[in-house]
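A closer look at the structure
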Amino acid sequence: MAIYLVRHGKDEDGYRGGWSQRGLVEEGIQQSKMLGKYLKEHQDDLRFIVLLQVI
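Residues numbered from 1 in each chain as written. Predicted model: local features only at pLDDT ≥ 70, side-chain atom pairs only at ≥ 80, totals over all residues. Heavy atoms only, no water.

Let's talk about the overall build of the chain
This is how it is decided: Think of it this way: any DSSP run of H or I at least four residues long counts as a helix, any run of E at least two long counts as a strand, and we number them from the N terminus. Note on exposure labels: buried denotes an accessible area under 20% of the residue type's maximum, exposed denotes more than 50%, and partly exposed covers the range between, all computed with a 1.4 Å probe on protein chains only. In this description, accessible areas are obtained by the Shrake-Rupley approach with a 1.4 Å probe, and a residue is regarded as covered only by the protein chains that are shown.
Of regular secondary structure, the chain possesses two helices and zero strands. Residues counted as buried form 9% of the 55 residues belonging to the chain. Counting only carbon and sulfur atoms, one obtains 56% of the accessible surface of the chain, whose full area is about 5500 Å².

Spelled out as structure tokens, the structure:
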């Protein structure tokens, strides 16, 4: 079994930790989308049973 830990994309400079209304910068949004696309395309290779997306 393998466990993959992934951090969200780039966020605002100087912000660290916790839940917040502060969002990702455009680069971070693109990074998150690219990761989602990669995981979806490789879910059989990585043997995902369920892939969840939280918006």
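Structure's up, so let's keep going.
Observations regarding the pattern of salt bridges
Pairing is possible between side chains that carry opposite charge, provided their charged atoms lie close to one another. Just so we agree on the cut-off: Any carboxyl oxygen of Asp or Glu within 4 Å of a side-chain nitrogen of Lys or Arg constitutes a salt bridge here.
On inspection of all chains with the given rule, the structure shows one salt bridge. Two residues, Lys10 and Glu27, come together in a salt bridge whose shortest N-O distance is 3.5 Å. Of this pair, Lys10 sits in the segment before helix H1 (26-41) while Glu27 sits in helix H1, and the two are 17 residues apart along the sequence.

Topic: the environment of Asp11
Mapping Asp11 onto the fold places it in the segment before H1. On the basis of relative accessibility, which here comes to 9%, the residue Asp11 falls in the buried class.

Some remarks on the environment of Glu27
For Glu27, a relative accessible area of 42% gives the class partly exposed. Expressed as a C-alpha distance, the spacing of Glu27 and Asp11, which sit 16 residues apart in the sequence, is 8.3 Å.

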